[in-house]
Amino acid sequence: NPQLISNLTSARGKMKSRWPHIEARLRAEGFSFEAIFLNNAGSDPNSRAALDAGFDLIVAVDGDGTLNQVVNGMLADGKAINPNAALGVITSSTSGDFMRTAGLPREIIAAARHLAHATALCPLDIGEMIYRVDGEKVHRWLYKAGFFRIQVSEYRGQTDVSQNDPQARQRETS
């Protein structure tokens, strides 16, 4: 029972024109689903509500930002809200970081076909980041934690989190 979550403004607004092609490919492949559309990049994808409603496959049809929001909605207190639920991805991301790292098709129609016929699950490394915003502690789950070293630095009281060390992955995998 899949729930697709998409932000039609992603990929610099290109997702709005790409969505009908993705939907047509999935339906042609016999993949039935329900879809939720977000209005902007900051929207809550409500993946937690989808899990509570009984969806067992949450698919981020979007860029890396929506994927990150969906992942965060699927976790609570360091655990999967529904350990039997799975995450699917069809990206329209301009960078496609997750798809490249996971070895999934980056072209949206190929990714939709791949999702429609997927028969196996892959584990996903998740890391936790705890930081403060206006004095309040915030927890975020990072789906890239196994692939990149996160650097945190203090500058004039502002915390900057970046992945700006291009050799970190090479060092960590060797």
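Refer to the structure printed above.
What counts, and at which threshold
- Residues numbered from 1 in each chain as written.
- Predicted model: local features only at pLDDT ≥ 70, side-chain atom pairs only at ≥ 80, totals over all residues.
- Heavy atoms only, no water.
- Buried < 20%, exposed > 50% of the residue type's maximum accessible area, 1.4 Å probe, protein only.
- Helix = DSSP H or I, 4+ residues; strand = E, 2+ residues; numbered from the N terminus.
- Arc of directions from axis to C-beta.
- Polar contact = N/O pair within 3.5 Å; in protein donor to acceptor, adjacent residues only side chain to side chain.
- Salt bridge = Lys/Arg side-chain N within 4 Å of Asp/Glu carboxyl O.
- Pairing = 2+ DSSP bridges.
- Axes fitted to C-alpha atoms, helices over the stretch in contact; angles between N-to-C directions.
- Contact = heavy atoms within 4.5 Å.
- Core = buried A, V, L, I, M, F, W, Y, C linked by side-chain atoms within 4.5 Å.
- Right-handed = clockwise from strand over helix to strand, strands pointing away.
- Phe/Tyr/Trp six-rings, centres within 6.5 Å; stacked < 30°, edge-to-face > 60°.
- Lys NZ or Arg CZ within 6 Å of the ring centre and 35° of its normal.

Chemist: Looking at this structure, how should I read helix α5 (residues 108-116)?
Modeler: Turning to α5, its buried residues number three or more, namely I108, A111, A112, L115 and A116. Seen from one end, α5 has its buried residues packed into an arc of 135 degrees, which puts them on one side. At the N-terminal end of α5, a side-chain oxygen is found 3.2 Å from the backbone nitrogen of I109, two or three residues along, and the residue is E107.

Chemist: Would you take a moment to explain the pattern of salt bridges for this structure?
Modeler: Two side chains of opposite charge can pair, provided their charged atoms sit close to one another. Throughout the structure, instances matching the rule amount to 3 salt bridges. Note that R25 and E29 form a salt bridge whose closest N and O atoms lie 2.7 Å from each other. For R25, a relative accessible area of 25% corresponds to the partly exposed category. Owing to a relative accessible area of 22%, E29 belongs among the partly exposed residues under this scheme. Across the pair R113 and E29 runs a salt bridge whose closest N-O atoms are separated by 3.6 Å. Of the two residues, R113 is situated in helix α5 and E29 in the loop between α1 (15-28) and β2 (34-38); the sequence distance between them amounts to 84 residues. We classify R113 as partly exposed; its relative accessible area is 37%.

Chemist: How do you make sense of the sheet that holds strand β3 (residues 57-62) when you look at a structure like this?
Modeler: Sheet strands associate in pairs through backbone hydrogen bonding, adopting either a parallel or an antiparallel arrangement. In space, the 4 strands of this open sheet follow the order β2-β1-β3-β6, with parallel pairing throughout. Whereas interior strands pair on both sides, the edge strands pair on one side only; in this sheet they are β2 and β6 (86-91). Averaged over all pairs of adjacent strands, the angle between strand axes in this sheet comes to 20 degrees, irrespective of strand direction. This element, α5, spans β3 and β6 of the sheet and lies at about 160 degrees to β6.

Chemist: How should I be thinking about the nonpolar core in this particular structure?
Modeler: Side chains of a nonpolar character, in soluble globular proteins, are inclined to be buried together. Ranked by size, the top nonpolar core spans 34 residues in total, and within it L4, I22, L26, F31, I58, V61 and I90 carry the most contacts. Residue contacts for L26: discarding those within four places in its chain leaves L4, F31, F33, I90, A112, L115 and A116.

Chemist: Help me understand the pairing of β2 in this model?
Modeler: In the case of a regular strand, side chains alternate between the two sheet surfaces. Note: strand β1 (residues 2-7) against β2, 5 bridges, orientation parallel. In the strand pairing of β2, S6 is matched with F37. Regarding the hand of the β-α-β motif, the stretch spanning β1, α1 and β2 is right-handed.

Chemist: Can you help me understand the side chain of Q3 in this one?
Modeler: Tracing the chain through its elements places Q3 in strand β1. Among the residues examined, Q3 registers a relative accessible area of 4% and is labelled buried. A distance of 3.2 Å separates the side chain of Q3 from the backbone oxygen of E34, its partner in a polar contact. Not counting residues up to four positions away in its chain, the partners in contact with Q3 are E34, A35, I36, A50, F55, L57, I58 and V59.

Chemist: In this structure, what is going on with the packing of aromatic side chains? I would like to understand it.
Modeler: The geometry of two aromatic rings is summed up by the distance between their centres and the angle between their planes. Inspection of the entire model under this criterion finds 3 aromatic pairs. Their ring planes at 85 degrees and their centres at 6.1 Å tell us that W19 and F33 sit as a pair that is edge-to-face. Placement of W19 in helix α1 and of F33 in the loop between α1 and β2 is noted, with a sequence separation of 14 residues between them. The same class applies to W19 and to F33, which are both buried. For the pair W19 and F37, a centre-to-centre distance of 5.1 Å together with 80 degrees between the ring planes defines the contact as edge-to-face. Note that W19 is positioned in helix α1 and F37 in strand β2, a separation of 18 residues in sequence. A residue is classified by how much of its surface remains accessible, and F37, at 36% relative accessible area, is partly exposed. The rings of W19, F31, F33 and F37 are connected pair by pair, giving a single aromatic cluster. Above the plane of the ring of F33 lies R27, whose end atom (NZ or CZ) is 4.0 Å from the centre.

The analysis is restricted to geometry; functional conclusions fall outside its scope.
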